[in-house]
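# A closer look at the structure
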Amino acid sequence: MEELLLVKYGEISLKGKNRYQFEAALMDHIRFVVGEYPGARLEKAYGRVYIHSVPGERNVLRRLAKIPGIVAVAPALRVENEIIKIRDVAVEAAKRALEMLDGTSTATFKAESRRSLKSFPLTSPQISHEVGSAVLAAGLGLTVDVHRPSFVINVEVREKGTFVYWHEVRGMGGLPLGSSGRGIVLLSGGIDSPVAAYLAMKRGVALEALHFWSFPITGERARDKVVRIWRVLKDFDPQMRLHIAHFTKIQTAIMESCPEKYRVTVMRRMMMRVSTRLAERVGALAIFTGENLGQVASQTLESMAVIEDTAGVPVLRPLLTYDKRETVEIAERIGTYELSCLPYEDCCTVFVPKHPVTKPRLELVRDAEKALPVDELVEECVRGIETLER
Ligand code: ATP
Ligand code: MG
C-alpha cells in the first residue's frame, strides 16, 4: 500500500491536439506548488495526476485546489489490482474517514467503484459489493447508507493500480493556465477587478496585472493595497506579474485640458491605450476589467463602446452581468474582499466629477482629447512602467 495525492482534472480533453501542452502546463503548476517537498514526484494518467511524497495536509490540499484546471484533490491509497488487497485498503480508508469524523457513533458509508481497467475480473458493482462487505465485517461500527452516507469510499481500478480515497477537496475547476492564452487585467484595488482576474484565470488565461498609479494623488498605501491584492491572486498563478504605470502626468493633463464631464471617459481611453501597448509587449490577446453593467457612469454600454474604441485588443468583462452580491461572494471566497475594502482611495475616486456623462458621444470625446498630446503621454507612461515579479 502506498499513500499519495490524487488530483482530478477535467475539460482539457475537450481541447484536442493541444491537450498535451495543457497537461504539461498543469503539471508545471503542480510541480511549482509542491516543489518545496524533497522527493515530490508527479505521475500522469488519463484525467489524473498522482503526487508522491507530499503529505496530504490541509494546507497542501488547499494550495493545490487553487490551481486552475484542478477539479478535486484527494489523499489516496494505492494497491495492486487484486481484490483481496483492495478490500484491506478499503478498511484502512474507512478507519481514516472515521478519524476525520471525530468519533461519530452512528457513521454510515457507501462504496463507489470505477473500473477503467477493463481486464479486471470484477465489474464496478461487484467491486463495490466486495469493498462494502469488507468494511462491514471489520467491526468499525459502520452501516451502509447509499443515500446520505457520512462518507464515500471511492475505488478506482486503473492500469497503474487501484486507488482508494475517502474524502476530497474541491478545486477551482476551469482550465490550466495558458490554455486560453495571455491577458492583461486592469487591477484597481477595488472589489471587482480581482474577481475578474480570478474568473479569467479560472478559464485558463495567464494574466499580467496592470495598475495605474497616480502618486501623490493616491499615496503609497493605495499602491501597497494593490500589491497585497496581487499577492493573493498569485496563489492562482505564481507567475503573474504586476505592472505599475505612473499615471499622474496623464491625469493632471486631463484635469487641465478636458471638460470636466468627459474626464473619466478620456482617462479610461488613456488607460486602454497604455494597456494595449503593454498587451503588445507581453503578447496578451485581451484586456480584462472588473466593469459591470450600469454600476457607475463609465459602465453603461454607450460608455464602454467609447472607451473600447481606443483598445487594440478585445476588452473582456467577466463581471458584466454580475450583481454586487455575487461579486462580493467570490471576493470573500478567494480572499481579496477584506483587502479591497481597505479605505485608501484609488485614482478614479479622487478624479470623478460630480456629473460625468453616462452616454458619451464618440466625436465629442475625440474633440475633447484634441487638447492632449495623446501619443507622447502614452509613450512616456509605457516607458515608465515598473514591473514587479514577486
Ligand atoms: P473595481 O472594484 O475593480 O475598482 P469598480 O466597480 O470600482 O471596479 P471602476 O473604478 O469604474 O469600477 O473601474 C472599472 C474597472 O477599470 C476596474 O474594475 C478595473 O479593471 C479598471 N480600473 C479602474 N481604475 C484602475 C486603476 N487605477 N488601475 C488599473 N485598473 C483600473
Ligand atoms: Mg474602482
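Parameters at a glance
Residues numbered from 1 in each chain as written. Chains lettered and ligands numbered in written order. Predicted model: local features only at pLDDT ≥ 70, side-chain atom pairs only at ≥ 80, totals over all residues. Heavy atoms only, no water. Helix = DSSP H or I, 4+ residues; strand = E, 2+ residues; numbered from the N terminus. Buried < 20%, exposed > 50% of the residue type's maximum accessible area, 1.4 Å probe, protein only. Contact = heavy atoms within 4.5 Å. Areas by Shrake-Rupley, 256 points an atom, 1.4 Å probe, with all protein chains shown as cover. Lys, Arg positive; Asp, Glu negative; His and termini not counted. Charge placed at Lys NZ, Arg CZ, Asp CG, Glu CD. Patch = residues over 30% accessible without salt bridge, like charges linked within 9 Å, V, L, I, M, F, W, Y side chains within 5 Å. Salt bridge = Lys/Arg side-chain N within 4 Å of Asp/Glu carboxyl O.

Turning our attention to the overall build of the protein. Scanning the protein from N- to C-terminus turns up 14 helices and 15 strands. Judged by the C-alpha coordinates and their principal axes, the protein covers about 85 × 40 × 35 Å. Expressed as a percentage of the 390 residues in the protein, the buried residues total 54%. A separation threshold of at least 6 residues defines the contact pool for the protein, and within that pool the share at least 24 residues apart is 78%. Carbon and sulfur atoms make up 51% of the accessible area of the protein, which totals about 18,300 Å². Of the charged side chains in the protein, 54 are positive and 49 negative, and the gap between their average positions amounts to 2 Å.

This part takes up a nonpolar patch on the surface. Together, Leu136, Val144 and Val146 give the surface a local cluster of nonpolar side chains, amounting to about 250 Å² of exposed area. Looking at where Leu136 falls in the secondary structure, it is placed in helix α4 (residues 124-137). Of the residues examined, Leu136 reaches a relative accessible area of 44% and is grouped as partly exposed.

On inspection of all chains with the given rule, the structure shows 33 salt bridges. Put simply, Lys44 and Glu23 hold a salt bridge, and the shortest N to O gap is 3.5 Å. With Lys44 in strand β2 (residues 41-45) and Glu23 in helix α1 (residues 19-34), this residue pair connects regions lying 21 residues apart in the sequence. Among the residues examined, Glu23 registers a relative accessible area of 5% and is labelled buried. Residues Arg96 and Glu92 are paired through a salt bridge, measuring 2.9 Å at the closest nitrogen-oxygen approach. Of the two residues, Arg96 and Glu92 are both situated in helix α3 (residues 83-101); the distance of four residues between them amounts to about one turn of the helix. The class for Glu92 is partly exposed, based on a relative accessible area of 23%. The network of salt bridges with shared partners includes Arg269, Arg273, Asp309, Arg366 and Glu369.

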